[in-house]
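Topology and contacts: notes
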Amino acid sequence: MDVKPGLNGDVNNEKHTHRPATIAGPTNPMVTPLLTDLYQFTMAYAYWKAGKHNERAVFDLYFRKNPFGGEYTVFAGLEECIRFIANFKCSKEEITFLRETLSPTCEDGFFEYLQGIDCSDVEVYAIPEGSVVFPKVPLMRVEGPVAVVQLLETPFVNLINYASLVTTNAARHRFVAGKSKLLLEFGLRRAQGPDGGISASRYCYMGGFDATSNCAAGKMFGIPLRGTHSHAFVSSFMGPDEIIEKSLKSHDGSRTCEDFIGVVQTWLSKLKRLSILKGVFAETNQSELAAFVSYALAFPDNFLALVDTYDVMKSGVPNFCAVALALNDLGYKARGIRLDSGDLAYLSCETRKFFQTVENEFGVPGFGKTGITASNDLNEETLDALNKQGHEVDAFGIGTYLVTCYAQAALGCVFKLVEINNQPRIKLSEDVSKVGERILCRHPFSESKRAYVVPQRVEELMKCYWTGNIDKKREELPTLEANRERCAQQLDQMRPDHMRKLNPTPYKVSVTAKLYDFIHFLWLNEAPVGELQ
Ligand SMILES: Nc1ncnc2c1ncn2[C@@H]1O[C@H](COP(=O)(O)OP(=O)(O)OP(=O)(O)O)[C@@H](O)[C@H]1O
Ligand SMILES: O=P(O)(O)OC[C@H]1O[C@H](OP(=O)(O)OP(=O)(O)O)[C@H](O)[C@@H]1O
Ligand SMILES: O=C(O)c1cccnc1
Ligand SMILES: [Mg+2]
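Residues numbered from 1 in each chain as written. Chains lettered and ligands numbered in written order. Predicted model: local features only at pLDDT ≥ 70, side-chain atom pairs only at ≥ 80, totals over all residues. Heavy atoms only, no water.

Around ligand 3 sit Phe186, Arg189, Ser213, Gly227, Thr228 and Arg338, and those are all the residues in its vicinity. At 2.4 Å, a side-chain N or O of Thr228 approaches an oxygen atom of ligand 3. In this structure, an oxygen atom belonging to ligand 3 sits 3.3 Å away from a side-chain N or O atom of Arg338. In terms of residue class, the shell around ligand 3 is built from one nonpolar, three polar and two charged. (Near = heavy atom within 4 Å. Polar contact = N/O pair within 3.5 Å; in protein donor to acceptor, adjacent residues only side chain to side chain. Nonpolar A, V, L, I, M, F, W, Y, C, P; charged D, E, K, R; others polar.)

Here we come to the domain arrangement of the protein chain. Structurally, the protein chain comprises domain 1 (38–159 + 413–526) and domain 2 (238–334 + 336–369). Look at where the C-alpha atoms of domain 1 and domain 2 centre, and you get two points 55 Å apart. (Domains from an automatic or database assignment.)

Looking at the protein chain as a whole, its pLDDT mean stands at 93, while 94% of the residues score no less than 70. Below pLDDT 50 for its whole length, residues 6–18 participates in 23 contacts with residues either more than four positions away or in separate chains. (pLDDT = per-residue confidence, 0-100. Contact = heavy atoms within 4.5 Å.)

If you trace the backbone, Arg226 turns up in strand β9 (residues 225–226). What makes Arg226 buried here is its relative accessible area of 19%. Separated by 107 residues in sequence, Arg226 and Cys119 place their C-alpha atoms 40 Å apart. (Helix = DSSP H or I, 4+ residues; strand = E, 2+ residues; numbered from the N terminus. Buried < 20%, exposed > 50% of the residue type's maximum accessible area, 1.4 Å probe, protein only.)

On to the packing of helix α9 (residues 260–273) against helix α11 (residues 312–329). Contact geometry of α9 with α11 gives a least axis separation of 8 Å together with a crossing angle of 125°. Overall, the two elements α9 and α11 adopt an arrangement that is oblique. The crossing of α9 and α11 is right-handed. On α11, the residues that touch Phe260, Val263, Val264, Trp267, Leu268 and Leu271 of α9 are Pro318, Asn319, Cys321, Ala322, Val323, Leu325, Ala326, Leu327 and Asp329. Of the residues assigned to the contact of α9 with α11, the class counts are 13 nonpolar, one polar and one charged. (Axes fitted to C-alpha atoms, helices over the stretch in contact; angles between N-to-C directions. Parallel < 35°, antiparallel > 145°, perpendicular 65-115°, else oblique. Left-handed = near helix turned anticlockwise from the far one by under 90°.)

Here the focus is the site of ligand 1. By nearness alone, every residue bordering ligand 1 is listed as Ser341, Gly342, Asp343, Leu344, Ala345, Asn376, Asp377, Leu378, Thr382, Ala385, Leu386 and Gln389. A distance of 2.6 Å separates an oxygen atom of ligand 1 from a polar backbone atom of Asn376. Asp377 places a polar main-chain atom, nitrogen or oxygen, 3.1 Å from an oxygen atom of ligand 1. Protein contacts shield 53% of the accessible area of ligand 1, which totals 640 Å² for the unbound molecule. Only α12 (344–362) and α13 (380–389) provide two or more residues apiece to the shell around ligand 1. Per element, the largest residue contribution to the shell around ligand 1 is four residues, and it comes from α13. A class-by-class count of the residues in the shell around ligand 1 yields five nonpolar, five polar and two charged. (Areas by Shrake-Rupley, 256 points an atom, 1.4 Å probe, with all protein chains shown as cover.)

In structure tokens:
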């Protein structure tokens with residue numbers, strides 16, 4: 001089943017002028033100023049009490065290690081951070097709650113201050129969402145009054161962590177599956193709660209999946225919806241006698257077949273009589289056939305059957321072919337089958353042979369190419385194993401391992417203070433070099449590792465996504481589709497040896513000689529010097 005919702009319902013798809021008057025609030029209404037750790041509020045109070053709350057601070061958000069044993073990560077979740085700060089305001093109820101929660105010694109002035117704060121003094125610079133990023137490289141730089149930015153730590157890390165992790169997981173599944181395969185995200189039932197499910201669908205699409213089974217995500221983000229049917233549907237039928245309404249109009253509407261099930265039975269007999277299929281199957285399960293016929297009558301344009309409820313080769317596939325051939329008589333093209341158990345490599349190859357036999361024996365052009373979808377606890381390893389064995393699967397439906405990020409539970413993003421009141425300063429802007437200008441690139445920590453490089457392309461990674469200063473240029477938030485394209489383009493530029501699953505070649509991020517000197521100066525400055533007695 002294939003449904004392509006319109007792109008309405010997503011504020012992202014609204015046409016923005018240069019500076020939209022408003023940015024919509026967070027997708028999840030649970031994302032409020034209180035969605036933070038208690039210590040952010042206690043620190044905010046202590047900053048305020050010390051008269052430090054308005055000191056200008058800079059925090060960097062980054063992660064220390066690529067997930068899944070890989071050499072790359074896809075950055076995601078930026079839009080939600082911007083939606084959050086664009087609408088940051090403590091409600092009266094939230095202030096009352098904080099007043100009751102924090103120590104009774106906290107002065108009233110603090111709560112008046114809290115009531116008044118928003119993020120108009122905050123600036124956010126970030127790498128565009130959907131970019132391929134690497135450990136220890138700042139993904140976001142958040143500048144503003146220290147007490148306010150401190151409150152943003154937990155929600156920002158929360159919004160980036162899973163988003164980037166699951167986008168990377170999706171990208172990794174796409175890399176193993178190959179570009180030609182259709183990837184369907186089927187994880188909602190196994191996701192970590194409703195937000196986990198919605199986020200998984202959104203970010204798996206960004207990371208390279210083609211569609212989701214999650215209707216809410218389809219509506220909210222315009223992600224194409226796809227689906228088949230379940231075993232319950234098949235086992236709910238007792239036999240063909242249950243089907244009362246047996247007629248089906250032809251695709252062009254010119255005629256009506258009054259006994260569709262009769263035509264299906266005739267095709268099943270013809271299949272049975274084919275000498276080439278002797279020994280492949282005999283009697284098929286009639287309740288399964290009834291289920292397939294019913295689904296075909298309901299969706300003649302989009303007929304897809306789950307064929308493993310009883311026996312794939314002895315029942316499911318022949319039953320599917322009988323229904324598909326009857327639909328073909330009426331000008332419909334069946335979409336295909338889904339395999340959800342057993343040896344998916346073997347069964348997909350056997351099914352393909354069966355389809356090709358039908359095409360050759362009955363002269364139905366294209367029948368051999370009827371779609372084969374596979375599901376059942378798939379992950380990077382099983383996709384890789386299927387590739388190595390050889391298979392005939394066109395589409396993979398992936399749930400549990402994808403959306404729960406089973407192979408690694410968290411990315412481990414951090415949000416660290418790097419500057420307060422201009423101390424210490426890292427003037428990255430001065431480090432921008434020019435194309436053709438030879439520069440020394442250094443390993444950030446290993447002194448002997450360095451190389452001269454002549455840049456072919458110079459690109460400023462960080463852009464300003466949020467500022468209250470109306471004279472400053474602020475990047476518009478790209479659509480999900482644009483982020484998805486960016487992600488695909490960036491992944492395409494990666495060398496395959498950095499992408500492979502087993503022992504990928506380390507991707508080297510160097511620093512300029514100037515930054516190297518600066519890091520080492522700071523480092524040495526902070527390290528205490530011992531005194532030998
Ligand atoms: N050819 C294959 N090579 C490697 N892994 C495969 C292959 N075919 C299927 N798998 C994977 O093997 C696992 C099989 O799971 P399991 O042992 O539960 O089998 P099943 O067929 O689902 O059995 P059951 O019918 O009892 O649920 C799944 O993770 C599936 O993705
Ligand atoms: O296997 P996943 O990657 O999580 O993909 C989603 C699974 O969810 C559905 O069945 P469910 O697992 O609910 O029941 P089943 O195992 O009995 O088919 C579907 O048939 C898939 O097998
Ligand atoms: O549509 C499907 O086939 C589907 C959807 C969710 C989970 N498993 C399968
Ligand atoms: Mg299952």
